[in-house]
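Inside the fold
This is what each chain is made of:
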Amino acid sequence: MTDVLGVLVITRNGDRSEFYQDPKTYEPAFTESTPLGAAESFQLGSFLRSVYLSSSSPSYIAGMKPDLVDTHEVHIHAKAGGEGPVIFDSAIALLQGLFPPNIKNKITLANETTVTAPLGGYQYVPIETVEPANDRSLEPWTNCPAFEEHISEVYGSSEFKATAKAAQPFFGAVRDYVFGRPTTLENAWNIYDYVNTELIHNKTYAHRLPPTLVEQARGLADYHENAIFSDKDIGGIGNLAGRTILHSVLNSLQRIAFNGDPLQLLLIETSYHPFISLFHMLEIVKENPELAAIPNYASALAFELRRGPPPEDRDFLRIKFKNGTNDNFQTYHAFGHKADIPVTEFIYRIENYAITSQKQWAAACSVGYHDPYLHIGSHNGATSTVFAVCAAIVFAGVFALAKFVKRSRAAKKQYIHLADDEARVPAQQAAPMTEKGRLPL
């Protein structure tokens, strides 16, 4: 019998075109996915299927339906900011591998006609996009003054300056291959991303690029991103990317552990940033310093909720990481443990550092709190006419929504995203739940 009760998997998007990020603010530029990126994500989805949805796998999720997706058991979130279009495309490609077309995906109509979904039973799995304008869980670092100050402090540190000085020979050598892009350590991400993208997609460039330049560029980019997206203090601003996504990790573990919620697999498709922060927050980099770096395309970080071995009456958490398409899952241990960590200890040690609301995010970023759901259109260009029309639509929607809310109020509702404190349903209002695992509260 399998020991896996459920899994949260955080995945990185696949290959894409060049992706510029402002070195001072991390404001993103446009990028788009490639067929290679789709293939990488599809391969990752097929891999996850073989691990968690195959009854012959030792990590098969107990009770999961492997053939036809049950949207009560499986939830998918995809980051919409930054590389958003690429991340959404990667999520679709991953799901094609995770839940491939199946001829059982059909329906019999009243006239006894049987209709199979297109493409041999293609499975359309809903994806919830996470927009940074109203949910900071997957992109908390943009428009965050405290994080921008953190970036400035990193750039001003003696260690950063010493590394920049030592890297001058590389910057001199790479200058002719980045075509006017600033060759500084502050711009290390953009240098590496350009060189790596051209090396993958431009045959002429690949034939002319001198040996070791891309490896040197990757090493400096790893150093740069690790310095920006980590912090000596577990609750520091450098770990902001990990602190916001951590809310989803903890919430999903609690949902999986009880019969009152059918969730068994939560997949979060996002960018590379939170991987770095989480590895630091969970103290995994202390024993595995190679993880203090940018994860490869189509990487996956899994949190498996497992039954404890007899006579243990607690549930445990196993953490696995797969660094790109050429790697397999490797098991890593949090907080210095030499084996799986009890879920109760994991939650106890980390929950106080999770950012669970927009107000907490605003406080961490040193900005005045405001409710983004109240913003209608542009701050500068909204006319009174547009406002009146939008207001009319809102009020009309309120009446339609009132009946739905009345019917649904008794049902339990959980939200992964970072909503306003007042907007979230208090825990004591949730319907009583029976225990699925053995996770004590």
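These figures come from a predicted structure and were not determined experimentally.

Regarding the overall build of the chain
A count of helices and strands for the chain gives 14 helices and 10 strands. Expressed as a percentage of the 441 residues in the chain, the buried residues total 49%. If you take every contact in the chain between residues at least 6 apart in sequence, the share linking residues at least 24 apart comes to 73%. As presented, the chain carries roughly 21100 Å² of accessible surface, and 56% of it is formed by carbon and sulfur atoms.

Let's talk about helix α12 (residues 343-350)
Of all the residues in α12, the buried ones are V343, F346, I347 and I350. End-on, the buried residues of α12 take up no more than an arc of 95°, which puts them together on one face. Contacts from the buried residues of α12 go to α10 (240-256), α11 (273-281), β7 (300-307), β8 (315-322) and β10 (341-342).

Section: unusual backbone geometry
Omega for the bond connecting P310 with P311 falls within 30 degrees of zero, at 5°, which places this linkage in the cis form. Its place among the elements puts P311 in the loop between β7 and β8. Positive phi, normally seen in glycine, also occurs at L119, with a value near 60°. Tracing the backbone through its elements, the reader meets L119 in helix α3 (residues 118-121).

Description of the packing of α10 against α12
Where α10 meets α12, the closest approach of the two axes is 11 Å, and the angle between their N-to-C directions is 150°. By the angle class used here, α10 and α12 are roughly antiparallel. Crossing hand, α10 versus α12: left-handed. Across from L246, V249, L250, L253 and Q254 in α10, the residues of α12 making contact are F346, I347 and I350. Its residues assigned to classes, the contact of α10 with α12 shows 7 nonpolar, 1 polar and no charged.

Calculation criteria
Residues numbered from 1 in each chain as written. Predicted model: local features only at pLDDT ≥ 70, side-chain atom pairs only at ≥ 80, totals over all residues. Heavy atoms only, no water. Helix = DSSP H or I, 4+ residues; strand = E, 2+ residues; numbered from the N terminus. Buried < 20%, exposed > 50% of the residue type's maximum accessible area, 1.4 Å probe, protein only. Contact = heavy atoms within 4.5 Å. Areas by Shrake-Rupley, 256 points an atom, 1.4 Å probe, with all protein chains shown as cover. Arc of directions from axis to C-beta. Axes fitted to C-alpha atoms, helices over the stretch in contact; angles between N-to-C directions. Parallel < 35°, antiparallel > 145°, perpendicular 65-115°, else oblique. Left-handed = near helix turned anticlockwise from the far one by under 90°. Nonpolar A, V, L, I, M, F, W, Y, C, P; charged D, E, K, R; others polar.

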